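Structural features, examined
Listed here are the chains, written in short residue letters.
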Amino acid sequence: MKIRNLLPGLLLFLGLAVQAQDKKPLSLDEAIALATTKSNEAGLADTRVATSKLDVDNVKNNIYPDFKVSGQYMRITNPTVKFKIPLGNDEPADPADGSTTTASPTVNQIMFAQASLSMPLFSGFKLKNSIDASENIYKAQTFNAASTKEQLAMQAIMLYVNLYKAQQSVSLIQENLKSANQRVTDFTAMEQNGLLARNDLLKAQLQSSNIQLTLDDARKKASVINYQLVTLLKLPEGTQIQPGDAYFKNAKGITPSATEAEAIGQRSDLEALRWQQKAAESDIKVAKGDYYPSFALSAGYVALDIQNVVQVYNAVNFGVGVSYDISGIFKNNKKVKAAQSRAEETKYQVALLTDRVKVQVQEALENYNLSLKQNTVYTQALEQATENYRIVKDKYDNGLVDTNDLLEADVEKLQAQLNETFSKADMTQRYYELLNASGKLTNSFNLTQTK
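If you're wondering where the values come from, they're calculated on a predicted model, not measured in any experiment. (Residues numbered from 1 in each chain as written. Predicted model: local features only at pLDDT ≥ 70, side-chain atom pairs only at ≥ 80, totals over all residues. Heavy atoms only, no water.)

A few words on the sheet that holds strand β9 (residues 310-323). Here we have 4 strands laid out as an open sheet, ordered β2-β6-β8-β9, and antiparallel in their pairing. Each edge of the open sheet carries a strand with a single partner, namely β2 (66-75) and β9. This sheet shows a mean twist of 10° between the axes of neighbouring strands, independent of strand direction. Where strand β8 (residues 294-306) and β9 come together, 12 bridges link them in antiparallel fashion. Paired with valine 302 across the two strands is alanine 315, which belongs to β9. (Pairing = 2+ DSSP bridges. Helix = DSSP H or I, 4+ residues; strand = E, 2+ residues; numbered from the N terminus. Axes fitted to C-alpha atoms, helices over the stretch in contact; angles between N-to-C directions.)

A separate point is the layout of surface pockets. Its boundaries defined by the atoms lining it, the largest pocket holds a volume of some 330 Å³. Looking at the largest pocket, it is lined by 16 residues, and the ones nearest its centre are Lys23, Gln167, Gln240, Ile241 and Gln242. Counting only elements with at least two residues in the lining of the largest pocket, the list comes to α4 (126-192), α5 (198-233) and β7 (240-243). Here the lining of the largest pocket takes 6 residues from α4, the largest share from any one element. In terms of residue class, the lining of the largest pocket is built from 6 nonpolar, 8 polar and 2 charged. (1 Å grid on protein atoms, 1.4 Å probe; cavity = no way out; pocket = protein on both sides within 12 Å on 5 of 7 lines; lining within 4 Å. Points joined across faces, edges and corners; volume = space filled by probe spheres on them. Nonpolar A, V, L, I, M, F, W, Y, C, P; charged D, E, K, R; others polar.)

Side chains three or four residues apart in an α-helix point the same way, a direct result of the helix having 3.6 residues per turn. Here helix α3 (residues 40-60) contains 21 residues, and its C-alpha end-to-end distance of 30 Å stays within 8% of the 30 Å for a straight helix at 1.5 Å per residue. Regarding α3, the residues found buried are Ala42, Ala45, Val49, Ser52 and Val56. Buried positions in α3, seen along its axis, are confined to an arc of 85° and lie on one side of it. Facing away from the buried side of α3, by more than 90 degrees, are the exposed residues Asn40 and Leu54. Lining the buried residues of α3 we find α2 (28-35) and α4. (Expected span 1.5 Å × (residues − 1). Buried < 20%, exposed > 50% of the residue type's maximum accessible area, 1.4 Å probe, protein only. Arc of directions from axis to C-beta. Contact = heavy atoms within 4.5 Å.)

This part covers a nonpolar patch on the surface. A cluster of nonpolar side chains, namely Met119, Leu121, Phe295, Leu297, Val320 and Val322, defines an oily patch on the protein surface of about 520 Å² accessible area. For the nonpolar patch, the elements supplying multiple residues, two or more each, are β6 (109-122), β8 and β9. For leucine 297, the location among the structural elements is in strand β8. Judged by its relative accessible area of 38%, leucine 297 falls in the partly exposed class. (Patch = residues over 30% accessible without salt bridge, like charges linked within 9 Å, V, L, I, M, F, W, Y side chains within 5 Å. Areas by Shrake-Rupley, 256 points an atom, 1.4 Å probe, with all protein chains shown as cover. Salt bridge = Lys/Arg side-chain N within 4 Å of Asp/Glu carboxyl O.)

Another point: the nonpolar core. Ranked by size, the top nonpolar core spans 35 residues in total, and within it Ile157, Leu233, Ile241, Tyr432 and Leu441 carry the most contacts. For this core, the leading source of residues is α4, giving 11 residues. Leave out the neighbours within four places in its chain, and isoleucine 157 touches Leu28, Ile32, Tyr432, Leu441 and Phe445. Counting 11 residues, the second largest nonpolar core, distinct from the first, contains Ala258, Leu270, Ala364 and Leu434. (Core = buried A, V, L, I, M, F, W, Y, C linked by side-chain atoms within 4.5 Å.)

Secondary-structure assignment places glutamine 417 in helix α10 (residues 403-437). Taking the C-alpha atoms as reference, glutamine 417 lies 7.6 Å from leucine 172; in sequence the two are 245 residues apart. Ignoring anything within four residues of it in the chain, the contact list for glutamine 417 reads Leu172 and Leu382.

What follows covers the pattern of salt bridges. Where side chains of opposite charge bring their charged atoms close, a pairing between them can arise. Tallied over the entire structure, the rule returns 18 salt bridges. Taking the shortest distance from any N to any O, the salt bridge between aspartate 290 and lysine 335 comes out at 3.1 Å. Within this pair, whereas aspartate 290 is found in the loop between α8 (268-288) and β8, its partner lysine 335 is found in helix α9 (residues 328-397), the two being separated by 45 residues in sequence. On the basis of relative accessibility, which here comes to 21%, the residue aspartate 290 falls in the partly exposed class. Given a relative accessible area of 45%, lysine 335 falls into the partly exposed group. Taken together, the shared-partner salt bridges connect Lys126, Asp290 and Lys335 into one network.

With that settled, consider α9. Its 70 residues give α9 an end-to-end C-alpha distance of 98 Å, which sits within 8% of 104 Å, the value for a rise of 1.5 Å per residue. Looking one or two places after α9, you find glycine 399, whose phi comes out positive at around 75°.

Position of glutamate 271 among the secondary structure elements: in helix α8. For glutamate 271, the side chain forms a polar contact with the side chain of arginine 274, separated by 2.7 Å. (Polar contact = N/O pair within 3.5 Å; in protein donor to acceptor, adjacent residues only side chain to side chain.)

This paragraph deals with the packing of α2 against α4. Direction vectors running N to C along α2 and α4 enclose 140°, while the axes themselves pass 8 Å from each other. Of the possible angle classes, the one that applies to α2 and α4 is oblique. The handedness of the crossing between α2 and α4 is right-handed. Here α2 contributes Leu28, Ala31, Ile32 and Ala35 to the contact with α4, which in turn contributes Leu152, Ala153, Ala156, Ile157 and Tyr160. Here the contact of α2 with α4 is composed, by residue class, of 9 nonpolar, no polar and no charged. (Parallel < 35°, antiparallel > 145°, perpendicular 65-115°, else oblique. Left-handed = near helix turned anticlockwise from the far one by under 90°.)

So, on to the packing of aromatic side chains. The final tally for this structure, using the stated rule, is 9 aromatic pairs. Between tyrosine 431 and tyrosine 432 the ring centres are 5.1 Å apart and the planes differ by 70°, which places this aromatic pair in the edge-to-face class. Owing to a relative accessible area of 15%, tyrosine 431 belongs among the buried residues under this scheme. In textbook terms, an aromatic cluster arises when at least three aromatic residues are bridged by ring pairs, as seen for Phe122, Phe125, Tyr292 and Phe295. Above the ring of phenylalanine 422, the side-chain terminus of lysine 165 is found at 5.3 Å from the ring centroid. One cation-aromatic arrangement involves lysine 278 over tryptophan 275; the distance from NZ or CZ to the ring centre is 4.0 Å. (Phe/Tyr/Trp six-rings, centres within 6.5 Å; stacked < 30°, edge-to-face > 60°. Lys NZ or Arg CZ within 6 Å of the ring centre and 35° of its normal.)

In structure tokens, the structure reads:
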């Protein structure tokens, strides 16, 4: 009997324990670190860098000599051998063609071995410029990866801020719903005692229902954003993230410093384009290399053994080979122009992104300054709405205002609370957007990035 009575309490305790395990307090630094290391986008960016580095190594291998060794061993049948040139005292076997025959040697196997060495000496500077182009592409890919991680960090920040706003909305609306439900309870008792008109009770009930709908919508938004952030950070499914308040309470103490010049010099995406432009310029030199002849040092060794017929050993050859495609002088002109056009495209891309960076920095700075002003206004509005509700509540208790005034003042206070909370979160987000626009976001969190 005692165990039966304890079972519901035990189940409740276990349910609360499981729920507590799913909740995860997470700082903004931790969220960004996870986004830039654990997400699929970060893994893909790092893999592309590794692939680009391997491409550089593969191109560099072309400067080393090629050394090949081959061999063959074959079993054959016993052939019939005819020589067109008389050998020794052999008798003519076929007067018609003058060939002679000898006693056919027993030949059952043939062995052949060959070694060759080829080393490029000059190829119109194509090897050197190809290496330069691949190294520039590798550096561009490195900065592309850094840019990708910066965008992932910004994505994590926005989700983190939005989750904080959604959870704060739920908390504030829940408190307001408690007050609304208590008001309905009080109004119900007053209406039953004939102290309140029924339409006033209905107004209070309607407001309570509307607040409940707003709460349900806020919970839905919080759940969706939480799932998005959990997915991005690769956390266990079902984790309930709890953003920290410190980043939002101290938002006013942040003093960012960002200029267009700093952004142009520090933006990873812009730096990646600059390296792509250098790679395109190297590709032009590679294309022009076809105008020159190619020289290569070559050497070889051959060994041959035909059973009972011939043996060849120590057949060594070496020398210098020259290759020159004469028709390439005329055909290569289009190839060079195409490479020059691609380089020109990259040049314009750099110029376009530079202008875009300037605009982004200016816009981010204006947005941040606006968020500061809005926070000041919303803070004052909260104080005003709170005081207004207190005054209206006193008047209502003294019969000086009607229910509409009381409910309206309550709604205004809730809206002011939400606006003030959102303004702090928006101010924090605008600050990090400004850092992102100026290329300082990743460094502000001391995250590793290769440059």
